[in-house]
Amino acid sequence: MSVVREGGCACGAVRYRLTSDPLFTHCCHCLNCQRQTGSAFVINLLIEADRVEVLAGAPEPVDVPRDDGSTQRIFRCPTCRVAVYSHYGSSRVSFVRGGTLDEPAGVVPDVHIYTRSKLPWIALPDSAPAFDEYYDSKSLWPAASLERLQTVRDSARSGA
Ligand SMILES: [Zn+2]
Ligand SMILES: [Zn+2]
């Protein structure tokens, strides 16, 4: 059963709906995410970009520098500037920020990543795997999510 989730920025100008469950949910403890959020980690729901339906407002892309010299495109409310989702590399998969959901408790991270820079006072749960850096999605993602990702890649290849 797929759950429809909605969320938005702080001022209410940007509202979005996720039209299906995410592919996978990351809790990222890397230093980039710590700096971007001003907090200990970020919760990212990975989902096909066309399954993020913007109901109100026009999230504005901002290219934000990362420690490795690359940039990450973060989409923000043009009014209150809260970040609602971002793109890493491909624009076909959006990383929706879990804290902007109307019900943040409705999502539990499937994996904890970059725990090498995890703040030392955070205790990770036993319920999700954790990795020092990134991980092998092929071995961790459910088959249905891998199929969905393949569909995204195939449509990218055909230029659709
Ligand atoms: Zn706003
Ligand atoms: Zn990160």
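Below you will find a few notes about this structure. (Residues numbered from 1 in each chain as written. Chains lettered and ligands numbered in written order. Predicted model: local features only at pLDDT ≥ 70, side-chain atom pairs only at ≥ 80, totals over all residues. Heavy atoms only, no water.)

A word on the coordination of the zinc ion (ligand 1)
Under perfect tetrahedral coordination by four donors, a metal shows angles of 109.5 degrees; under perfect octahedral coordination by six donors, it shows angles of 90 or 180 degrees. Protein coordination at the zinc ion (ligand 1) comes from Cys 9 (SG), Cys 11 (SG), Cys 77 (SG) and Cys 80 (SG), with a distance range of 2.3 Å. Geometry at the zinc ion (ligand 1) is tetrahedral, judged from the 4 donor atoms that bind it and their angles of 104 to 115 degrees at the metal. The motif formed by the donor residues of the zinc ion (ligand 1), counted along the single chain, is C-x1-C-x65-C-x2-C. The exposure class assigned to Cys 77 is buried, which follows from its relative accessible area of 0%. (Donors = N, O, S within 2.8 Å, 3.2 Å for Na, K, Ca; no water. Tetrahedral: all angles 85-135°; square planar, octahedral: opposite > 155°, others 65-115°. Buried < 20%, exposed > 50% of the residue type's maximum accessible area, 1.4 Å probe, protein only.)

Observations regarding the environment of Lys 138
Looking at where Lys 138 falls in the secondary structure, it is placed in helix 2 (residues 137-140). Here the alpha-carbon distance between Lys 138 and Ser 94, two residues 44 residues apart in the chain, equals 19 Å. (Helix = DSSP H or I, 4+ residues; strand = E, 2+ residues; numbered from the N terminus.)

Regarding the coordination of the zinc ion (ligand 2)
At 2.1 to 2.3 Å from the zinc ion (ligand 2) lie its protein donor atoms, namely Cys 28 (SG), Cys 30 (SG) and Cys 33 (SG). Donor residues for the zinc ion (ligand 2) sit on one chain with the sequence pattern C-x1-C-x2-C.

Digging into the nonpolar core
Counting 15 residues, the largest nonpolar core has Cys 28, Val 93, Tyr 135 and Trp 141 as the members making the most contacts within it. Among the secondary structure elements, those contributing two or more residues to this core are strand 3 (24-28), strand 4 (42-48), strand 9 (93-97), strand 10 (111-113) and helix 3 (143-157). Dropping the residues within four chain positions of it, Tyr 135 is found in contact with Phe 24, His 26, Val 111, Ile 113, Leu 140 and Trp 141. The next biggest cluster of nonpolar side chains, apart from the first, holds 14 residues, and it includes Cys 9, Leu 18, Phe 75 and Tyr 85. (Core = buried A, V, L, I, M, F, W, Y, C linked by side-chain atoms within 4.5 Å. Contact = heavy atoms within 4.5 Å.)

Here we look at the sheet that holds strand 1 (residues 5-8)
Strands sit in the order 1-2-5 across an open sheet of 3 strands; the sheet is antiparallel. Two strands close off the open sheet at either side, each with one partner strand: strand 1 and strand 5 (52-56). Taken over all neighbouring pairs, the strand axes of this sheet differ in orientation by 25 degrees on average, direction set aside. Bridging between strand 1 and strand 2 (residues 15-18) involves 4 bridges; their strand directions are antiparallel. (Pairing = 2+ DSSP bridges. Axes fitted to C-alpha atoms, helices over the stretch in contact; angles between N-to-C directions.)

In short, geometric facts, not functional conclusions.
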